[in-house]
Amino acid sequence: MQNPDCDADSTSFRDPVTTATAWQWNFGEGGATDTRRNPQHSYMAPGSYTVTLVRTLAGGTKETVSQTITIGELPPIFQNWKTDTTICRGDTLILDPYPNGAPPDAKYVWYPKGDTTQTLSVDSSGCYSVEVILPNGCKIQDRINVKICMEPAAQEGSKWYFGGNAGLDFSNTPPSPITDGKLNTPEGTSSIANSKGQLLFYSDGITIWNKNGDVMPCFTGTCVPMKGSPNSTQSVLIVPQPTCKGCEYLYNVFTTSDINGEKLLTVSVVDMRRNNGLGAVIEQNTTLQTPTTERIASVRNNRDSTYWVISHDYGTNKFRIYHATEGGLSEVSAPELGMAHDSLHKAEGYMKFSAPDSATGQRRLAVIIPGPPKNYVELFHFNDSTGVLTYDKTIDLGPAPPTAYGIEFSPTGEKMYISFQGGNGSNSYLKQYDLTLPDSLLTETAITIDSSATRKFGALQFGPDGRIYMAIQGSEYLGVIGEPEGNSLTGVDYERDGVNLGGQNSQLGLPNMVQDFTQESSGPGFEADGFCTNEPTTFQASPICDPIEDQYSWDFLGNGSFTAPSKQQQATYTYTQPGTYKVAMRATNKCTDTTIVQEVTIYETPANIDLGPDKDTCGAYVPLDMKVEAEVYAWINRGRVVGRGRTYRATATGRYIAVAFNGPQGDCFAADTIEITLRKPPAFTIGPDTTLCRDSSIVLRVQSDRWIEYNWSTGDKTREVTIGQPGQYFVTVKDRNDCYNSDTIQVGELPSPILNLAPESAICIPDGQSVILDANGQGPYKYLWPHSGDTTKTITVKTEGTYVVRATNKEGCVTEQSTKVVDKCEPRFFIPDAFTPDGEGHNEILEIFGAYYTNFSIRIYNRWGEVIYATTDIEARWDGTYKGVKVQPGSYPYVLSYEALYYPERNPIVKRGSVMVIR
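Bear in mind that the values here come from a model prediction, so they are computed numbers and not experimental data.

**Details of empty space enclosed by the protein**
Then comes step 1: Scanning all chains against the criterion turns up 3 cavities of 30 Å³ or more.
Then comes step 2: In this structure, the largest cavity occupies an estimated 90 Å³ of space.
Then comes step 3: Lining the largest cavity we find Ala297, Ser298, Met351, Lys352, Phe353, Glu408, Gln461, Phe462, Asn512, Met513, Gln515 and Thr518.
Then comes step 4: Elements that contribute at least two residues to the lining of the largest cavity include exactly β23 (292-301), β27 (351-353) and β35 (457-462).
Then comes step 5: For the lining of the largest cavity, the leading source of residues is β27, giving 3 residues.
Then comes step 6: Residue composition of the lining of the largest cavity, by class: 5 nonpolar, 5 polar and 2 charged.
Then comes step 7: Each pocket or cavity is described by its volume, and for the second largest cavity that value is around 50 Å³.
Then comes step 8: Forming the boundary of the second largest cavity are Val109, Trp110, Tyr111, Ser129, Glu131, Gln141, Tyr249 and Arg273.
Then comes step 9: Taken together, the elements giving at least two residues each to the lining of the second largest cavity come down to β9 (107-111) and β11 (126-133).
Then comes step 10: Of all the elements, β9 adds the most residues to the lining of the second largest cavity, at 3 residues.
Then comes step 11: Its residues assigned to classes, the lining of the second largest cavity shows 4 nonpolar, 2 polar and 2 charged.

Encoded structure:
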């Protein structure tokens with residue numbers, strides 16, 4: 001009879017007549033029927049039933065056959081059975097399905113080693129199941145997951161085998177190389193471990209090797225090669241087959257053949273209960289679909305412990321979605337979405353799932369569609385509860401070569417990494433795409449993480465340590481992206497020689513696994529929420545050995561002061577100062593005592609924002625200012641961000657929200673809201689942008705008479721301002737209705753002519769002198785001397801006065817300079833060389849003539865240096881006597897001193913000479 005706990009539990013029927021073409025079954029219970037050749041029916045109660053089959057033969061003849069079957073009673077349900085338990089390291093647990101008395105003559109089969117005793121002693125972690133079989137053949141089973149306190153779990157993806165006998169063991173940190181792998185293949189591989197990281201088997205899609213490195217045998221008969229291919233991108237994928245209340249001991253091994261070959265999708269089945277726990281193949285090469293591409297991917301639905309497997313047909317845009325449930329593997333849908341994979345190159349390239357989105361539970365599915373002529377990646381959404389696949393977008397990755405090949409997501413699904421294989425002179429590339437950006441920016445903002453003209457980049461695979469690994473053909477290393485969520489070339493912490501393979505070589509492929517098996521495992525610890533000063537920070541501890549009861553104590557400040565132990569997993573603490581704190585959680589139970597320390601960064605909560613009362617005003621805008629210090633600011637109006645500064649000009653009526661943020665996620669914030677009613681003022685402008693000439697000025701003027709108040713950026717309050725410097729000028733105006741408006745004008749600068757006209761020139765007009773006035777301009781200028789109309793660079797003048805010259809350059813700027821021409825004659829004197837004071841009435845006195853002088857004096861000396869005549873009056877005359885006595889004839893020296901009448905700044909002038917007295 002049907003096990004009520006297992007919907008898929010049923011009795012199977014088979015028609016042995018192979019020539020029949022149609023079937024009508026009646027199972028003898030409640031009118032239940034079926035029309036398949038090999039149907040199943042679940043009987044709800046024990047007893048005898050007559051089953052009737054009406055078969056139609058090839059010629060149309062119908063035959064009716066009946067058979068009575070006996071449906072037996074199920075074994076009783078297990079007594080005091082637990083589904084999960086945890087024991088301390090070193091303890092032994094006795095498993096017994098019937099501790100209070102077993103049904104007579106029952107047989108037992110235990111997983112994983114096939115023990116047949118009623119009880120089983122367990123001292124290591126893992127899944128254990130027992131099947132109880134009654135003499136009537138009816139059986140039930142149940143499982144229990146045993147954990148060892150503090151032992152890591154969920155390590156199904158911890159053993160990798162790939163490339164040229166290469167491998168990595170993620171049970172260690174960092175992963176250590178595995179060098180004894182038997183697998184040697186250029187592309188797709190898959191491997192599987194149990195929950196505690198012990199290898200089960202691995203495959204290249206053609207051969208399966210067990211954990212000892214031996215070829216896995218077939219349970220019945222001789223194995224034949226599986227239908228995968230060395231040159232298939234995702235040649236093989238190992239997916240557990242759920243059982244009803246039993247451990248996962250059956251594994252579906254999917255293979256895809258080379259796209260240049262059969263284009264075949266097949267499944268084989270491994271039973272790990274066989275061969276003393278080393279496993280055996282119990283089913284081989286069952287065809288699921290043809291023609292197919294080289295793509296296959298899988299995810300787990302953790303809500304019901306089932307698995308989804310997705311492939312893609314060749315030649316169309318049809319996906320195949322398979323569901324591995326307790327009832328077996330079945331195809332549930334074949335949605336037609338996205339591009340058709342209708343050429344050989346389009347059928348290559350990886351297909352990958354992301355982790356489920358933390359908010360929606362949706363996963364992304366990415367499909368690489370390589371060129372030439374162009375590379376594409378198509379993104380879809382997948383619901384792992386319903387198995388529904390929906391189209392999202394197609395992204396053009398640019399021309400091929402290089403050829404897009406590998407793809408992987410960061411843990412949040414926000415970042416997408418794609419590898420491109422170089423060829424025909426093109427480089428290989430590794431690029432990051434930010435899926436949070438608008439579609440139009442996706443490819444423009446892609447970050448090139450690595451490029452190589454000599455290396456060919458291959459598959460990308462997320463590892464259990466939270467890092468992304470890249471295959472590099474022929475290298476003894478894998479490339480490693482240490483921080484997949486990074487936003488820059490340095491932020492992703494990439495190393496091309498990231499992990500050593502111990503002397504073995506990478507090829508293009510990395511293990512293809514159920515997406516969940518390669519996710520970073522979580523262990524004992526705690527999570528914090530709320531990282532702002534003066535607000536509670538909540539700490540949530542995770543059990544270290546669930547369901548063993550723990551007690552927790554906390555040190556929130558890192559000073560060694562712990563709280564009293566408590567069974568409460570949640571605690572709160574309010575920090576008053578920003579900073580990074582080393583928070584310690586001490587957890588104790590009957591198995592262990594451990595302390596876990598994590599750094600928690602607390603950010604300053606911005607001060608309260610006060611935008612003031614709501615405003616009803618007239619103007620072009622309302623100036624708003626948060627007046628607080630913060631890392632990030634945002635002004636929100638009508639549900640969208642309209643400003644990112646501390647200040648904002650609100651130009652429309654509405655409700656404005658001001659938010660000031662601190663912290664990387666903006667969790668620490670202050671906010672205020674203001675309602676603004678803004679009446680628009682009349683239009684206003686002070687004119688278009690303009691220019692002024694250097695060393696000149698212009699007048700800016702408010703033209704309209706409707707404005708009565710003016711506030712210039714220069715500080716002036718007048719209607720017009722004189723501007724002498726280039727720059728930007730701003731004026732706010734107000735009318736009689738208290739409406740404000742404003743305008744800004746840009747004043748540029750043009751070069752002015754440069755003149756070097758001498759400031760003054762001197763001529764002696766009585767002498768008929770003239771002077772040349774030179775404007776001395778430093779450019780190809782036009783000149784104008786307004787007094788005469790001359791347009792030459794130089795002019796000649798003979799009269800005193802002020803003379804002006806104007807120069808104009810090609811920009812139209814004018815420079816004016818003036819100069820003075822003054823009448824300034826040089827002083828001059830005439831002293832005769834001789835005179836004859838002899839009484840004859842001719843040339844009797846020494847007569848001195850002078851002009852344009854001042855401060856005159858003369859002294860005449862005898863031969864002994866005695867002054868015999870001196871005067872400061874040029875009109876005085878020497879008559880050739882000294883003290884009334886005529887001097888002797890001869891030569892008498894003199895010293896003449898004077899100053900220039902028009903040049904008083906000069907020093908006195910001294911002239912020396914002699915005069916001859918003749919008698």
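Structure's up, so let's keep going.
**Considering the pattern of salt bridges**
Then comes step 1: Evaluation of the coordinates by the stated rule reveals 39 salt bridges.
Then comes step 2: Ionic pairing is found between Asp384 and Arg363, a salt bridge with its closest N-O pair at 2.9 Å. Highlighted residues: Asp384 in the loop between β29 (374-383) and β30 (388-399) and Arg363 in strand β28 (residues 363-369), separated in sequence by 21 residues. In this structure, Asp384 and Arg363 share a single accessibility class: buried.
Then comes step 3: The network of salt bridges with shared partners includes Arg303, Arg363, Asp384 and Asp516.

**Description of a negative patch on the surface**
Then comes step 1: A grouping of Glu483, Asp493, Glu495 and Asp497 is seen on the molecular surface, where their side chains present a negatively charged patch.
Then comes step 2: By relative accessible area, which is 44% here, Glu495 ends up partly exposed.

**Remarks on the sheet that holds strand β5 (residues 47-56)**
Neighbouring strands of a sheet are bound in pairs by backbone hydrogen bonds; such pairs are parallel or else antiparallel.
Then comes step 1: Strand order in this open sheet of 4 strands is β3-β2-β5-β6, and the pairing throughout is antiparallel. Each end of this open sheet is capped by a strand with a single partner; those strands are β3 (33-34) and β6 (62-71).
Then comes step 2: As paired strands, strand β2 (residues 22-26) and β3 are joined by 2 bridges and run antiparallel to one another. Its bridge partner being in β3, Asn26 is matched across the sheet by Thr33.

Reading the values: rules and limits
Residues numbered from 1 in each chain as written. Predicted model: local features only at pLDDT ≥ 70, side-chain atom pairs only at ≥ 80, totals over all residues. Heavy atoms only, no water. 1 Å grid on protein atoms, 1.4 Å probe; cavity = no way out; pocket = protein on both sides within 12 Å on 5 of 7 lines; lining within 4 Å. Points joined across faces, edges and corners; volume = space filled by probe spheres on them. Helix = DSSP H or I, 4+ residues; strand = E, 2+ residues; numbered from the N terminus. Nonpolar A, V, L, I, M, F, W, Y, C, P; charged D, E, K, R; others polar. Salt bridge = Lys/Arg side-chain N within 4 Å of Asp/Glu carboxyl O. Buried < 20%, exposed > 50% of the residue type's maximum accessible area, 1.4 Å probe, protein only. Patch = residues over 30% accessible without salt bridge, like charges linked within 9 Å, V, L, I, M, F, W, Y side chains within 5 Å. Areas by Shrake-Rupley, 256 points an atom, 1.4 Å probe, with all protein chains shown as cover. Lys, Arg positive; Asp, Glu negative; His and termini not counted. Charge placed at Lys NZ, Arg CZ, Asp CG, Glu CD. Pairing = 2+ DSSP bridges.

Any functional reading would require information beyond the geometric quantities listed.
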